[in-house]
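Fold and geometry: a report
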Amino acid sequence: MDIALALCALAPFVAAALMPVIHRAFGNLSGWIAALVPLATFVLLWQVMPAVADGGEVRGALDWGPLHDLSLAFRLDGLSLTFALAIAGIGTFILVYSGNYLAGHVHKGRFLSFMLMFMGAMQGLVLSDNLVALYVFWELTSVTSFLLIGFDASRVIARRAAVQALVVTGIGGLALLAAGILLQRISGGWEIGALQSIAGHTAYPLVLALVLLAAFTKSAQFPFHFWLPNAMEAPTPVSAYLHSATMVQAGVYLLARFSPVLGGTAAWTGLLVVFGAVTLLWGGLMALKQTDLKQMLAQTTIASLGLLVLLIGVGTELAVTAAMLYFVAHALYKAALFLVAGALDHETGTRDITVLGGLRDSMTVTFIAAILAAVSMIGLPPILGYFAKEEMYAALPPDGWQAVVLVAMVLGNALLGGVALAVMIRPFLGGTRPLPKKPHEAPIAMLLGPVIFGAVAAVPAFAPEWFGEHFVLPAASAAYGHAIHHHLELRIDASSLLFWLSMATWVIGGLAYWRLDAIRTVLRRTERWSLDRGFDVVMFGLIRTSAAVTRLLHHGRLELYLVVVFAMLAVAAIVPLTLLGGLPRLPSVPNLHFYEWGVVALALIGVGTVVVARNRLFAVLALGIQGLAVALIYMLFGAPDLSFTQFMVEVLSVVILALVMSRLNLDAGDTRPFEDFARDGGVALACGIALTTLLFAVLGGQLDPRLSEFFNANSVPMAHGHNVVNVILVDFRGLDTLGEISVVMTAGIAVLALIRGAKRRHT
Amino acid sequence: MSTLIFRTIAPLLVAVMLVFSVFITLRGHNEPGGGFIGGLIAASAIAILGMATGATATRKSLRADPLSFAGFGVALAAFAGLLSLPFELPFLTGLWTQVFGADVSTPMIFDIGVYLTVFGTISAVALGLEDEEAD
């Protein structure tokens, strides 16, 4: 099983790599073929479900970085299973749907490939049992969702939405990384399953803040909610997937996963409940403001996420059970409704709720799917949404602060119900209207998903016990930290408070729908300032600041760059030596042969000529003479390889410098004003003195001979080479060399780009 | 630069230098030399040819863009490192064998990769600058 579990997360990536080819080969069928991957995952997970439902778990690990105690560890418990099944199950139909939705699109293969990668990242995220792996998959979901949201990259709005999503969720990702490292420091291991509650630890507030930042940005909690509606720029199947089982649910998953570690404190409950409740009401109100179907649904997702965060924050047995129930119910109805909205858009050419109408006859199956989903969203019995709603009301006793939360929850659910009514009724009932396209029923691939999601939501009505024991309770137990025994049953009891809370929800929801247009008009008046615009202001400020900093440091005056670089080199070499007392004593005059003195004199003559030369070309040649003298010194003191290379480098330097000079059309002579001469000369002298001092200091110290002894001793027996320098380069230190030649090539490309750029400007 | 004598001698010189560069590269494992220095010699040969016959003609005689040599060199060096993986040895572990009595090894292939990278990059830069000279 262990390999199979890893495959759930990794296979989609392999499939993604193959997808463009498959698409080219199979064309219209590629959506169906892509869907086989999540389908297989779903079947696999379904088979292990009984074992997991009994409280067991499945583990699997691949080696990753064994030296650092890192493995790609996967663990399937109740919580992971519920999320993974939702990701795979909904993903299957989303891919089938995408195949048709994007039929004929130039980049359909690429799209399916992105979708599969996204799916793999999500599966990896919910299956990871290692903090680092969790972080990596978390970031992968951000990156792949960036690709999906900005899929229609020719439109500036889509690009902005993609960047916005990446920036906001990316901040959360960094917070998660920091939280993961802190947790490892506290617990001593990377394993998520082994984490214990750290509620009393001094670092607890910091870890809590970081995890909440990660979860809130990802799950679009107020005040980070603004990226989610903009993400609607993605093609509809992406929205359906992002909003139902994936992406935004990653934050909910994170909170549920870490609630045994971080939960149960006043800070946890207070923060989650307050932010959740605000987000719930905010999302509900904003949904009523919209007229675009997708925008309405997007805002309700924000509300539902708020609801989930709130329930996890309350954290009692009932509340966590309700959260898991609601997660499944929401995933099903939200995916279905988005797909319905996409089908409407695809077949009629508009998503505007004030334009659509009277489609019940021309798009009957779509209408049925919409009804099934909306009933669950409103929470009418006996559909799944009803169970979720009842559980969450039951989770809060009506006294103290919990009564306030209860009221907020009823109001929020009512607003969601109002939106559900609008989405179900407006496009389909009423008189037929003129539409951009002549409406007709959507193709089977686009109906399959919404209808099946709707039907699945009805299953608990017939088998509440089975559903509860296999999906909800294992997940809730994992999130709660202890086994939960609780019986899910369908009950309608007019004497209980729950019944009247439900009634209140429906009545307020009905009222909201009845006065929808009036409410929208009122809400639209408040449209002055938004966090979305605030984001633009911040981004603009960032760009302005970085431009200012760049202008300050990157002024474009080459001689100043050189002065700064070399001055810093001198400072870096001499200051630490002076401060730390490592200045070497002046060495005595060495005892050299006369020809060795001759070579030294040659080098000095070369340098002297460079300084006094009136002609640039002459100076370049003189520099070469000095370099060759150095090469001779290497030769005389037993470094033939170094000498050899130095010779070639000097020759090529002279050639290339001469070519550059003739290219730049410089004056033949080099005359500079005295102050420049003094400055450059001063810097050159300082550098020379500093480096000489540094070298003497190095030579005066003790060299650790172990490495050179090892290389000398092992060059022949281990690497079959007598030239130790070469053996080090190509064998002992091969990885370094590989890096170096990559740098050589990259530098070459950069130089060529500069040459060609200059040429283009020239002509 | 393009005197008659230079233009006549250059191709001969270049041929000798190129052969010498290969010699230097291959003997590098036991005596002074190696891919880096060999690549530099070959690149100087190309620079000389560029001065004598012009950058365009030199490019043509190279058959491929100099940078492709460099890219191929990096790929070849990486490939030489990958050869050890099927034997369950870490990346870049040296492997040795004999082909028709001659010692052949992955470090040698690696060194040829280094040779091609240095040769390609420096040639590309030199020819790029010589191009400019022409216009």
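This one's a predicted model, so the numbers in the text were calculated from it and none came from an experiment.

A closer look at the confidence of the model for chain A
On average, chain A scores 86 in pLDDT, and the residues at 70 or more come to 99%. Per-element averaging of pLDDT across chain A places strand E1 (residues 58–65) of chain A at the bottom with 78 and helix H7 (residues 204–218) of chain A at the top with 92.

A short note on the nonpolar core
One broad rule of soluble globular proteins: the nonpolar side chains tend to lie buried together. Judged by nonpolar contacts, the single largest core of 205 residues is most densely connected at Val 211, Leu 311, Tyr 326, Ala 336 and Ala 373 of chain A. For this core, the element with the highest residue contribution is helix H13 (residues 317–348) of chain A, accounting for 23 residues. Those residues in contact with Ala 336 of chain A, other than ones at most four positions away along the chain, are Ala 369, Leu 372, Ala 373, Gly 449, Pro 450, Phe 453 and Gly 454 of chain A. If you look at the next biggest cluster of nonpolar residues, it comprises 57 residues, including Leu 659 of chain A together with Phe 36, Ile 37 and Val 114 of chain B.

So, the interface of chain A and chain B
Each partner contributes to the interface: chain A provides 38 residues, whereas chain B provides 41 residues. Contributing elements (two or more residues each) for the side of chain A that touches chain B: helix H25 (640–664), helix H28 (724–732) and helix H29 (734–762) of chain A. Here the residues of the side of chain A that touches chain B are counted per class, giving 23 nonpolar, 11 polar and 4 charged.

Side note on the environment of Gly 306 of chain A
Residue and element names in this part refer to chain A. Looking at the secondary structure, you find Gly 306 in helix H12 (residues 293–314). Separated by 253 residues in sequence, Gly 306 and Ala 53 place their C-alpha atoms 28 Å apart. With residues near it in sequence (within four places) discarded, Gly 306 still touches Gln 221, Gly 276, Ala 277, Thr 279, Leu 280 and Gly 283.

Some words on helix H2 (residues 30–53) of chain A
Residues and elements named next belong to chain A. Counted at 1.5 Å a residue, the expected span for H2 with its 24 residues is 34 Å, and the 35 Å between its end C-alpha atoms agrees. Along H2, the largest kink reaches about 35° and is centred on Gln 47; proline Pro 50 follows within four residues of it. When we look at burial in H2, the residues that qualify are Ser 30, Gly 31, Ala 34, Ala 35, Val 37, Pro 38, Thr 41, Phe 42, Leu 45 and Val 52. Where H2 ends, the next residue or the one after it, Gly 55, has phi of about 95°, a positive value.

Some details on the pairing of E1 of chain A
All names here are of chain A. Alignment of E1 against strand E2 (residues 70–76), held across 7 bridges, turns out to be antiparallel. Across the sheet, Gly 65 pairs through a bridge with Leu 70, a residue of E2. Turn length for the E1-E2 hairpin, with the two strands adjacent in sequence and antiparallel, is 4 residues, and the turn residue Asp 69 shows positive phi of about 60°.

Things to note about the pairing of strand E2 (residues 102–105) of chain B
All names here are of chain B. Bridging between strand E1 (residues 96–99) and E2 involves 4 bridges; their strand directions are antiparallel. Across the sheet, the residue bridging to Gln 98 is Asp 103, located in E2. Between E1 and E2, which follow one another and run antiparallel, lie 2 residues, and Phe 100 among them has a positive phi close to 50°.

What counts and what doesn't
- Residues numbered from 1 in each chain as written.
- Chains lettered and ligands numbered in written order.
- Predicted model: local features only at pLDDT ≥ 70, side-chain atom pairs only at ≥ 80, totals over all residues.
- pLDDT = per-residue confidence, 0-100.
- Helix = DSSP H or I, 4+ residues; strand = E, 2+ residues; numbered from the N terminus.
- Core = buried A, V, L, I, M, F, W, Y, C linked by C-beta atoms within 7 Å.
- Buried ≥ 20, exposed ≤ 12 C-beta atoms within 10 Å, placed from the backbone.
- Contact = placed C-beta atoms within 7 Å.
- Nonpolar A, V, L, I, M, F, W, Y, C, P; charged D, E, K, R; others polar.
- Expected span 1.5 Å × (residues − 1).
- Bend = angle between axes of the 7 residues up to and from the residue.
- Pairing = 2+ DSSP bridges.

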